[in-house]
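Survey of secondary and tertiary structure
Below, each chain spelled out in residue letters.
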Amino acid sequence: MGTMSSDKHAFTDGLTHVLVIDDDRKLCGLIRDYLEPLGYAVGMEHTGPEGAERAIAEPWHAVILDLMLPGCDGYEVLRRVRAKSAVPILMLTARGDEADRIVGLEIGADDYLPKTFSSRELLARLRAVTRRASLTQTAVAVEPVAKELISGPLRLNLDVRVATLEDRVLNLTPVEFDILSALMKSRGRIRSREALIESLRDREYEVFDRSIDVHIAALRRKLRDDAHEPRFIRTVRSAGYLFIHATG
């Protein structure tokens, strides 16, 4: 198993607990050495099955997950963890294909980062996913009255952050939920990629980051929304995205 012992009371030590699941031991060590002086406690696992087991068993603030793992790949780890836990997951991959990123985001990753990342980018994205998870928990705790956005068969409960389509709960990541919420609140108005990034003010993106497009593609799949004949999200070429009213 891994290199750091932990227990169910780990959060009481004031540190941010992060699990790195990657078979590249040198990279794991570099991440640990960079993060620990900044107030992080870093655990490491180097196989898919052990990583999934530990991610579920211990109370992590976030998980950094590689796609290429022995035992089972990162996609399978994502599935196992998401069946039991809502811990924020940052997907780490050497693959550059958009389809790989979409699959990971659909399964439940909160964000992705190429293995060519800089240490500053890793820290920014890690802080973003952990901060958003913390704000989500706080919002659920302090808002007693449900508020909903409704468009035909699609409903978003903003308090408990649950989306349903035809009474079926959608497995949206936090950023997918917030993008959909921003689009629904601006129903009938075009939202540019820059405006959507701004609406996600607690996340940090680079100027040319295309992750909004990746998240929109993942959302469309989960909504069963055809980009060519959309019920919900229409692409406006060179302008952005438009949420259209669904009648059923």
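Reading guide: rules and limits
- Residues numbered from 1 in each chain as written.
- Predicted model: local features only at pLDDT ≥ 70, side-chain atom pairs only at ≥ 80, totals over all residues.
- Heavy atoms only, no water.
- Helix = DSSP H or I, 4+ residues; strand = E, 2+ residues; numbered from the N terminus.
- Contact = heavy atoms within 4.5 Å.
- UniProt positions renumbered as here; feature names shortened; annotations may be inferred.
- Pairing = 2+ DSSP bridges.
- Core = buried A, V, L, I, M, F, W, Y, C linked by side-chain atoms within 4.5 Å.
- Buried < 20%, exposed > 50% of the residue type's maximum accessible area, 1.4 Å probe, protein only.
- Expected span 1.5 Å × (residues − 1).
- Axes fitted to C-alpha atoms, helices over the stretch in contact; angles between N-to-C directions.
- Right-handed = clockwise from strand over helix to strand, strands pointing away.
- Salt bridge = Lys/Arg side-chain N within 4 Å of Asp/Glu carboxyl O.

**What about the environment of F177?**
Take F177: it is sitting in helix α6 (residues 174-185). Here the alpha-carbon distance between F177 and V162, two residues 15 residues apart in the chain, equals 8.2 Å. Leaving out residues up to four positions away in the same chain, F177 has contacts with L156, N157, L158, R161, V162, A163 and L172.

**With respect to the UniProt feature "modified residue: 4-aspartylphosphate" (unreviewed entry) in the protein chain**
If you check UniProt for "modified residue: 4-aspartylphosphate" (unreviewed entry), the listed places come out as D66 in our numbering. Mapped onto the elements of the fold, D66 is located in strand β3 (residues 62-66). Setting aside residues no more than four positions away along its own chain, D66 makes contact with I21, D22, D23, G74, L92, T93 and K115.

**Brief notes about the sheet that holds strand β11 (residues 233-236)**
Spatially, β10-β12-β11 is the arrangement adopted by the 3 strands of the open sheet, whose pairing is antiparallel. Of all strands in the sheet, those bounded by a partner on one side alone are β10 (190-191) and β11. In this structure, β11 lies alongside strand β12 (residues 240-243), joined through 4 bridges in antiparallel fashion. Its bridge partner being in β12, I233 is matched across the sheet by F243.

**Notes on the nonpolar core**
In terms of nonpolar packing, the biggest core is built from 25 residues, with L154, L180 and I233 touching the most fellow members. Elements with a minimum of two residues in this core: β7 (154-157), β8 (162-165), α6, α7 (193-199), α8 (211-223) and β12. Element by element, the count of residues in this core is highest for α6, at 7 residues. Discounting chain neighbours no more than four positions away, the residues touching I233 are L180, L183, I216, L219, R220, L223, D225, Y241, L242 and F243. Of all hydrophobic cores here, the second largest spans 24 residues; its members include W60, V63, I102 and V214.

**Details of α6**
With 12 residues, α6 should reach 16 Å at 1.5 Å per residue; the first-to-last C-alpha distance of 16 Å fits that figure. For α6, the tally of buried residues reaches 10 of 12 residues, placing the bulk of the element in the interior. Every buried residue of α6 is listed here: V175, E176, F177, D178, I179, L180, S181, A182, L183 and M184.

**Some thoughts on the sheet that holds strand β4 (residues 89-93)**
One open sheet holds the 5 strands; their spatial order is β2-β1-β3-β4-β5, and the pairing between them is parallel. Every interior strand has two partners, whereas the edge strands, β2 (40-45) and β5 (111-114), have only one. Strand-to-strand twist across the sheet, computed as the mean angle between neighbouring axes with direction ignored, equals 20°. By the bridge criterion, 6 bridges tie strand β1 (residues 16-21) to β2 in an arrangement that is parallel.

**Remarks on the pairing of β3**
A large share of β3 lies buried, amounting to 5 of its 5 residues. Burial along β3 is two-sided: A62, I64 and D66 facing one way and V63 and L65 facing the other are all buried. Bridge count between β1 and β3: 4 bridges; the pairing is parallel. Paired with V20 across the strands is I64, a residue of β3. Between the parallel elements β3 and β4, the chain passes through helix α3 (residues 74-82) in a crossover that is right-handed.

**Focus on the pattern of salt bridges**
Summed over the entire model, instances satisfying the criterion amount to 16 salt bridges. For K115, the salt bridge identified is with D66, shortest N-O distance 3.4 Å. Here the residue K115 occupies a position in the loop between β5 and α5 (119-142), and D66 occupies one in strand β3, the gap between them amounting to 49 residues. A salt bridge links E121 to R125; the nearest nitrogen and oxygen atoms lie 3.3 Å apart. Of this pair, E121 and R125 both sit in helix α5, 4 residues apart, which is roughly one turn of the helix. On the basis of relative accessible area, R125 is assigned to the buried category, the value being 4%. The structure contains a network of salt bridges with shared partners spanning D22, D66 and K115.

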